[in-house]
Amino acid sequence: MGFARTCSVALVGVEGVVVEVQADLEPGVAAFTLVGLPDKSLSESRDRVRAAVVNSGAVWPQKKLTVGLSPASVPKGGSGFDLAVACAVLGAAERIDPRVLSDIVMIGELGLDGRVRPVRGVLPAVLAAADAGYEQVVVPECAAAEATLVPGVSVLGVRSLGQLIAVLTDEPVPEEDPDEAGRPSPLLAGLRMPGTGAATGMHGVGGAQHDHGHDLADVVGQRSARTAVEVAAAGGHHLFLEGPPGAGKTMLAERLPAVLPPLTRGESLEVTAVHSVAGLLPPGKPLVDTAPYCAPHHSATMQALVGGGHGIARPGAVSLAHRGVLFLDETPEFSGQALDALRQPLEAGHVVIARSAGVVRFPARFLMVLAANPCPCGRFSQLDDLCDCPPSAVRRYQARLSGPLLDRVDLRVEVDRVTRSELTGRGARGESTETVAGRVRAARERAAARLADTPWRTNSEVPGHELRTRWHASPGALDEAERSLDRGVLSARGLDRVLRVAWTVADLVGHDRPDATDVALALQLRTGVPRGVPMAIGALS
């Protein structure tokens, strides 16, 4: 009887569980049994592994073979167990020394010819292996750069099962034919999850793609909206832009990721893990170091926004926008059920999805930007009568955004129609992205220094109770905000959000704590009611 074991990783969302892959050979009729709650794609590994072993020059054992995946109570899926199953079988057949395999984690799919194909979720799988104490990991060669992002782990990238057998048995490593330059690699085919391409808006692998040729100075006029974008980026506040078509709402949202500070190392690993599970990492760029940008179409379902699907849930738009920007253009056109599903991730910073196959938790701490027309025709305004919609249609259209959802939005700005003089004028342009981004970084540094001994890093994350009791505004600064609370203009949550925005404004202008002007600007950005303060951060400095 022969026995061998090695390890692989089962992913549940973006969290991994190390699975011991055991192979047992006994005398009897040749058969291959796979146990341990495998799904359909994992059950099919029996045929893939047998063909890969034979085509790699090894002998397939003609005995009763049982492969067990432990712990057996954890559902397992995907083709990433192929490499571990093949090596465990070869260890049981004594083609490989079983002692060499016991402390190695193997991740990869096998082709019928023995090539090792990449799989989704390599980074979170290697992170799980490192957390469990493993120091050696074998992954496909084209995913080695992604695996090496995890410190303290020795990564071996292999192109074929034959190469891995040679390395583990100290034999000469066979040469592999090099890939022809310019030809698409068949190994990368199928990595991208269907429905997550550029056409869906879920292709945001970094704000850098929106930075080339997209400068904030290109936005004509819109001083209030530009200020709101700057405040949103500095404090991580959600933003609602309302205005007629063509006023620049989408332009402002597309330029917001470039204003955000670069991701820290920890944030980059979080974002990269989500995009790795979704199959959205571009070739040659294993680490996402800039803020993601995700803009799903208004026909997106609730599952597309928050995650879901058949079997184990997949990440949705809120998770693909983690540490970045989620832009919902034409927000009233989204289904009410999908929009209301955003309430929990907006408050908690993560989304928990329960399915019959298990419960998964995805990170979802994003900056949400809503954009909407004022009415179905888009021409409703208090200044003119160009709108053809009856008042009842305007009310129904605006009521599609529920009060509880809008109450979680810190900044609400009306984007005015661009005038001819603004569009054709030759005057000074607005501030560039580089200038605004510099102020945002300085404000983030002030907030981080103030919150150094707390679990929070931005003003939008600080609970209202802490803001009211631990960090105090200037005497009398909150008088107007408290009167708005008494009149019913603000809710209790709204007052806390005004205070958070006031702290962000103070960080932008360099104040030690918010004064009456900072709170007035926060109130104006929250309610849209003019308070007699300049709508430009530079004017307040």
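This one's a predicted model, so the numbers in the text were calculated from it and none came from an experiment. (Residues numbered from 1 in each chain as written. Predicted model: local features only at pLDDT ≥ 70, side-chain atom pairs only at ≥ 80, totals over all residues. Heavy atoms only, no water.)

1. Some details on the overall build of the protein chain
Right, on to step 1. Counting its regular elements, the protein chain contains 23 helices and 16 strands.
Right, on to step 2. With respect to the principal axes defined by its C-alpha atoms, the protein chain has extents near 85 × 50 × 45 Å.
Right, on to step 3. Of all 541 residues assigned to the protein chain, the portion counted as buried reaches 50%.
Right, on to step 4. Put simply, 72% of the contacts in the protein chain that link residues at least 6 apart link residues at least 24 apart.
Right, on to step 5. Accessible area of the protein chain: about 23,800 Å², with a carbon and sulfur share of 51%. (Helix = DSSP H or I, 4+ residues; strand = E, 2+ residues; numbered from the N terminus. Buried < 20%, exposed > 50% of the residue type's maximum accessible area, 1.4 Å probe, protein only. Contact = heavy atoms within 4.5 Å. Areas by Shrake-Rupley, 256 points an atom, 1.4 Å probe, with all protein chains shown as cover.)

2. Focus on the nonpolar core
Right, on to step 1. Formed by 49 residues in total, the largest nonpolar core has its most connected members in Val231, Leu239, Leu241, Val369 and Leu525.
Right, on to step 2. Discounting chain neighbours no more than four positions away, the residues touching Val231 are Gly236, His237, Leu411, Val501, Thr504, Val505, Leu508, Leu525 and Ile537.
Right, on to step 3. Formed by 39 residues, the second largest nonpolar core is a distinct cluster that contains Ala10, Leu25, Ala86 and Ile104. (Core = buried A, V, L, I, M, F, W, Y, C linked by side-chain atoms within 4.5 Å.)

3. Description of the sheet that holds strand 11 (residues 293–294)
Through backbone hydrogen bonds, the strands of a sheet pair up, either in parallel or in antiparallel fashion.
Right, on to step 1. Spatial strand order, 11-12-15-10-16: 5 strands in an open sheet with parallel pairing. With one partner strand each, in any of the chains shown, strand 11 and strand 16 (411–414) form the two edges of the open sheet.
Right, on to step 2. Bridge analysis of strand 10 (residues 239–242) against strand 15 (residues 367–372) gives 4 bridges, and the strand direction is parallel. By the bridge assignment for strand 15, Leu239 is matched with Val369. (Pairing = 2+ DSSP bridges.)

4. Considerations on the packing of helix 18 (residues 433–450) against helix 21 (residues 492–509)
Right, on to step 1. Where helix 18 contacts helix 21, the two axes come as close as 8 Å, and the packing angle between them is 115°. Crossing hand, helix 18 versus helix 21: right-handed. Where helix 18 approaches helix 21, its residues Arg439, Val440, Ala443, Arg446, Ala447 and Arg450 are matched on the opposing element by Trp503, Asp507 and Leu508.
Right, on to step 2. Here the residues of the contact of helix 18 with helix 21 sort into 5 nonpolar, no polar and 4 charged. (Axes fitted to C-alpha atoms, helices over the stretch in contact; angles between N-to-C directions. Left-handed = near helix turned anticlockwise from the far one by under 90°. Nonpolar A, V, L, I, M, F, W, Y, C, P; charged D, E, K, R; others polar.)

5. Section: the packing of aromatic side chains
Right, on to step 1. Inspection of every chain in the model, using the stated rule, returns 1 aromatic pair.
Right, on to step 2. Here the aromatic rings of Phe32 and Trp60 are separated by 5.7 Å at their centres, their planes lie at 45°, and the arrangement is tilted. Taken together, the residues span a long stretch of sequence, with Phe32 in strand 3 (residues 31–35) and Trp60 in the loop between helix 2 (45–55) and strand 4 (64–70) at a distance of 28 residues. Accessibility classification places Phe32 together with Trp60 in one group, the buried group. (Phe/Tyr/Trp six-rings, centres within 6.5 Å; stacked < 30°, edge-to-face > 60°.)

6. Observations regarding the environment of Val413
Right, on to step 1. Among the structural elements, Val413 can be located in strand 16.
Right, on to step 2. Each C-alpha atom of the pair Val413 and Phe240 lies 6.3 Å from the other, and the pair is 173 residues apart in sequence.
Right, on to step 3. Setting aside residues no more than four positions away along its own chain, Val413 makes contact with Ser224, Ala225, Ala228, Leu239, Phe240, Leu241, Glu242 and Leu525.

7. Some details on unusual backbone geometry
Right, on to step 1. With an omega dihedral of 5°, the bond running from Ser70 to Pro71 counts as a cis peptide bond.
Right, on to step 2. Along the polypeptide, Pro71 turns up in the loop between strand 4 and helix 3 (82–92).
Right, on to step 3. Backbone geometry places Arg323, a non-glycine residue, at a positive phi of 65°.
Right, on to step 4. Mapping Arg323 onto the fold places it in the loop between helix 12 (317–320) and strand 12 (325–328).
Right, on to step 5. The exposure class of Arg323 is partly exposed, given its relative accessible area of 25%.

8. Overview of the pattern of salt bridges
Right, on to step 1. Inspection of every chain in the model, using the stated rule, returns 27 salt bridges.
Right, on to step 2. Here Asp97 and Arg99 are joined by a salt bridge, their closest N and O atoms 3.0 Å apart.
Right, on to step 3. Residue classification places Arg99 among the exposed positions, given a relative accessible area of 70%.
Right, on to step 4. The partner of Glu431 in a salt bridge is Arg439, and the shortest N-O contact between them spans 2.6 Å.
Right, on to step 5. Given a relative accessible area of 35%, Glu431 falls into the partly exposed group.
Right, on to step 6. Counted as one network, the salt bridges with shared partners bring together Glu347, Asp407, Arg408, Asp410, Arg493, Arg497 and Arg526. (Salt bridge = Lys/Arg side-chain N within 4 Å of Asp/Glu carboxyl O.)

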